[in-house]
Amino acid sequence: MARNVQITFDCADPAAMAAFWAEALGYRLQDPPGGFASWDEALEAMGVPQENRNDASAVVDPGGSGPRVFFQRVPEGKQVKNRVHLDVRAAPGLDGDERMAALEAEADRLVSHGATRLQRHDPKPPLDAGHIVMADPEGNEFCLD
């Protein structure tokens with residue numbers, strides 16, 4: 001039986017991370033519960049104290065096919081390199097110089113939204129098409145592939 005998948009990030013600032021990853025993935029912030037115009041309105045009605053209103057956030061695929069990405073506040077910072085990471089497919093169907101130019105443009109765009117560029121891996125045919133290793137605003141590694 002197929003299962004739905006949610007990707008969860010532990011982080012210090014769920015709202016900022018949700019905004020970054022919505023931009024990186026072409027996702028949108030998850031809507032508040034029905035009957036509420038905003039998350040602040042919903043959290044107020046639920047009795048959530050102001051200091052806990054950034055304890056979690058989520059982004060969703062506007063087309064409904066991709067996994068939900070959930071961000072939860074944790075007290076500790078990132079300690080070591082990720083063992084699992086996201087590959088953001090930013091150049092599907094492109095090869096060689098055209099592919100790397102598209103990845104470079106996406107890297108520049110994401111840097112302007114708080115990402116850090118870590119390393120470029122040039123293509124090594126036949127199996128490695130090239131990619132760029134990045135880090136999100138809290139240091140979680142991901143690849144532009």
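Residues numbered from 1 in each chain as written. Predicted model: local features only at pLDDT ≥ 70, side-chain atom pairs only at ≥ 80, totals over all residues. Heavy atoms only, no water.

1. With respect to helix 3 (residues 96–111)
1) Next: For helix 3, built from 16 residues, the straight-helix expectation of 22 Å at 1.5 Å per residue is met to within 8% by its first-to-last C-alpha distance of 23 Å.
2) Next: Buried residues of helix 3: Arg99, Met100, Leu103, Glu104, Glu106, Ala107 and Leu110, and no others. All buried residues of helix 3 lie within an arc of 165 degrees about the axis, which places them on one face of the element. Exposed residues pointing more than 90 degrees away from the buried face of helix 3 are listed as Asp97, Glu98 and Asp108.
3) Next: Looking at the buried side of helix 3, the elements it contacts are helix 1 (14–25), strand 6 (116–121), strand 7 (131–135) and strand 8 (141–144). (Helix = DSSP H or I, 4+ residues; strand = E, 2+ residues; numbered from the N terminus. Expected span 1.5 Å × (residues − 1). Buried < 20%, exposed > 50% of the residue type's maximum accessible area, 1.4 Å probe, protein only. Arc of directions from axis to C-beta. Contact = heavy atoms within 4.5 Å.)

2. Describing the environment of Pro14
1) Next: As for its placement among the helices and strands, Pro14 is situated in helix 1.
2) Next: For Pro14, a relative accessible area of 0% corresponds to the buried category.
3) Next: Dropping the residues within four chain positions of it, Pro14 is found in contact with Asn54, Asp55, Ala56, Ser57, Phe71, Gln72 and Arg73.

3. Some points on the pairing of strand 8
1) Next: Every second residue of strand 8 is oriented toward a common face, with Glu141 and Cys143 on one face and Phe142 and Leu144 on the other, all of them buried.
2) Next: Examined bridge by bridge, strand 5 (residues 86–88) and strand 8 share 3 bridges and lie parallel to one another. Its bridge partner lying in strand 8, Leu86 is registered against Phe142.
3) Next: Taking the residues between adjacent antiparallel strands as the criterion, strand 7 and strand 8 are bridged by 5 residues, where Gly139 takes a positive phi near 95 degrees. (Pairing = 2+ DSSP bridges.)

In short, shape yes, function no, at least from these values alone.
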